[in-house]
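The chain contents come next:
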Amino acid sequence: MVRKFDDLQQLNTEAAKLFITAAKAAIAAKGRFTVALTGGTSPVGLYRLLASSPYRDEVQWEQVYIFWGDERWVPLDDERSNARMTFETLLSHVPVPQHQIFPMWGDGASPDEFARKYEQSLHLHLDPEGRFDLILLGMGADGHTASWFPHTGVLHEYDKWVAAYYLHAQDMYRITLTVPLINQAKQIAVIAYGANKADALYEVLQGERNAEQYPAQLLPTADGRITWFVDEAAAARI
Ligand SMILES: O=C(O)[C@H](O)[C@@H](O)[C@H](O)[C@H](O)COP(=O)(O)O
C-alpha cells in the first residue's frame, strides 16, 4: 500500500501510529515487539516524534527489542553510524533495556564474524519462524534499500539472514539483513520523501522488473504487509 502525504509532519505522525499499533499488537500477543530500524536521514522525524509525548507513552518500551536493517561498519561514535543517529534521536529518550538493543557493530570482530553473531542473536530473540514484527526501511535515490545496493552480490544472498560485504563505491563495509529475512517480516514500512526519490520510486513501484538496478523491487508487493510512506514530491511520477 502506498500512503501519500502533503507534509512531513503528517507522514511521520502516521508512521508513528503504525509503529505504536504494531508494538501494542505484538506485546499483547507474545510479550515482546521485535523491530528493525533504518538509518539514513528519512527516519529522523519519526524517531523524534516517537521519543516525545504523547507518542512515547503509548509504547511499552521495556518489551521492545531493537535491531537494525543495515549499518555502515563504523564505530558507534562515528558520525556515519546509523546506530548513533538512532540513539541520539530515539533510544536515549525511551526506556528500552540496554540488553535489548542490538547495534550492528562489534569491536574486534571482522564484519563477517560479526554478521554471523548477529544472525545468532536474531535466532535467539525473533520468533521461531524468524519473522520481525516490524521492519522500517528507507530508500536511496538509486533505488537501494537497507544495504541492498545496485549490482551487489548481497541481492542474491538467500542462505544467510545477515550479510557483510565491502561496498567499493563508499569504501566501507556494510552489514545488512538479507532479502529472505526482510521479506518474511510481518510488517514493513518504507519512508521515502523528497523530489530526489521520485524517479526511483517510480522505477521500484511501476517500472519494468530490474531488481539489479533498483533493488527495492525485491521487497514484497503484497498489500497489507508493506506500507510506503511517501510525500507528494517523491510520488510525482506514480
Ligand atoms: O545506511 C544507510 O544508508 C541506510 O540504511 C540506507 O538504506 C538508507 O535508508 C537510504 O540510503 C536512504 O537514505 P536517506 O534516508 O538518507 O535518503
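Residues numbered from 1 in each chain as written. Predicted model: local features only at pLDDT ≥ 70, side-chain atom pairs only at ≥ 80, totals over all residues.

Turning our eyes to something else, we now look at the nonpolar core. Side chains of nonpolar character tend, in soluble globular proteins, to be buried together. Ranked by size, the top nonpolar core spans 68 residues in total, and within it Ala-36, Ile-135, Val-190 and Ala-192 carry the most contacts. Sorting elements by how many residues they give to this core places helix α1 (residues 8-30) first, with 6 residues. Once you skip the residues sitting within four places of it in the chain, Ile-135 turns out to touch Ala-36, Gly-69, Ile-182, Ala-185 and Ile-188. (Core = buried A, V, L, I, M, F, W, Y, C linked by C-beta atoms within 7 Å. Buried ≥ 20, exposed ≤ 12 C-beta atoms within 10 Å, placed from the backbone. Helix = DSSP H or I, 4+ residues; strand = E, 2+ residues; numbered from the N terminus. Contact = placed C-beta atoms within 7 Å.)

The omega torsion of the bond from Ser-53 to Pro-54 falls at 0°, within 30 degrees of zero and hence cis. Examined against the element boundaries, Pro-54 turns out to sit in the loop between α2 (44-50) and β3 (64-68). With a phi angle near 60°, His-151 is a residue other than glycine that sits in the positive phi range. Structurally, His-151 is set in the loop between β5 (134-138) and β6 (162-167). Since 9 C-beta atoms lie within 10 Å of it, His-151 is described here as exposed. With a phi angle near 50°, Asp-171 is a residue other than glycine that sits in the positive phi range.

Attention now goes to the sheet that holds strand β1 (residues 2-5). With parallel pairing, the 6 strands of this open sheet are ordered in space as β1-β9-β8-β5-β2-β3. Whereas interior strands pair on both sides, the edge strands pair on one side only; in this sheet they are β1 and β3. Neighbour-to-neighbour, the strand axes of the sheet open up by a mean angle of 20°, direction not taken into account. As paired elements, β1 and strand β9 (residues 226-231) share 4 bridges and run parallel to each other. What sits directly across from Arg-3, in β9, is Phe-229. Strands in contact with α1 are β1, β2 (33-37), β3, β5, β8 (188-192) and β9; relative to β9, the strand with the most contacts, it is inclined by about 160°. (Pairing = 2+ DSSP bridges. Axes fitted to C-alpha atoms, helices over the stretch in contact; angles between N-to-C directions.)

Moving on, we get to the UniProt feature "domain: Glucosamine/galactosamine-6-phosphate isomerase" (unreviewed entry) in the protein chain. According to UniProt, the positions carrying the feature "domain: Glucosamine/galactosamine-6-phosphate isomerase" (unreviewed entry) are residues 7-228. Span residues 7-228 is 30% helix and 17% strand, its end C-alpha atoms 15 Å apart. (UniProt positions renumbered as here; feature names shortened; annotations may be inferred.)

A few words now on the site of the ligand. Around the ligand sit 14 residues in total, of which Gly-40, Thr-41, Ser-42, Gly-138 and Gly-140 are the nearest. In terms of residue class, the shell around the ligand is made up of 2 nonpolar, 10 polar and 2 charged. (Near = placed C-beta within 6 Å. Nonpolar A, V, L, I, M, F, W, Y, C, P; charged D, E, K, R; others polar.)

Among all positions in helix α3 (residues 82-89), only Asn-82, Ala-83, Met-85 and Thr-86 are buried. For α3, the angular spread of buried residues about the axis comes to 160°, placing them on one side. Buried residues in α3 make contact with β2, α2, β3 and β4 (70-72). (Arc of directions from axis to C-beta.)

Let us now look at the environment of Arg-237. One can find Arg-237 in the segment after β9. Every residue in contact with Arg-237, bar those within four places of it in the chain, is listed here: Ala-198, Asp-199 and Tyr-202.

Bringing the sheet that holds strand β7 (residues 172-177) into the picture now. To summarise the sheet geometry, strands pair through backbone hydrogen bonds and adopt either a parallel or an antiparallel arrangement. Strands sit in the order β4-β7-β6 across an open sheet of 3 strands; the sheet is antiparallel. Of all strands in the sheet, those with a lone pairing partner are β4 and β6, marking the two edges. Within this sheet the neighbouring strands show an average axis-to-axis angle of 20°, counted without direction. Pairing of β6 with β7, which is carried by 6 bridges, proceeds in the antiparallel orientation.

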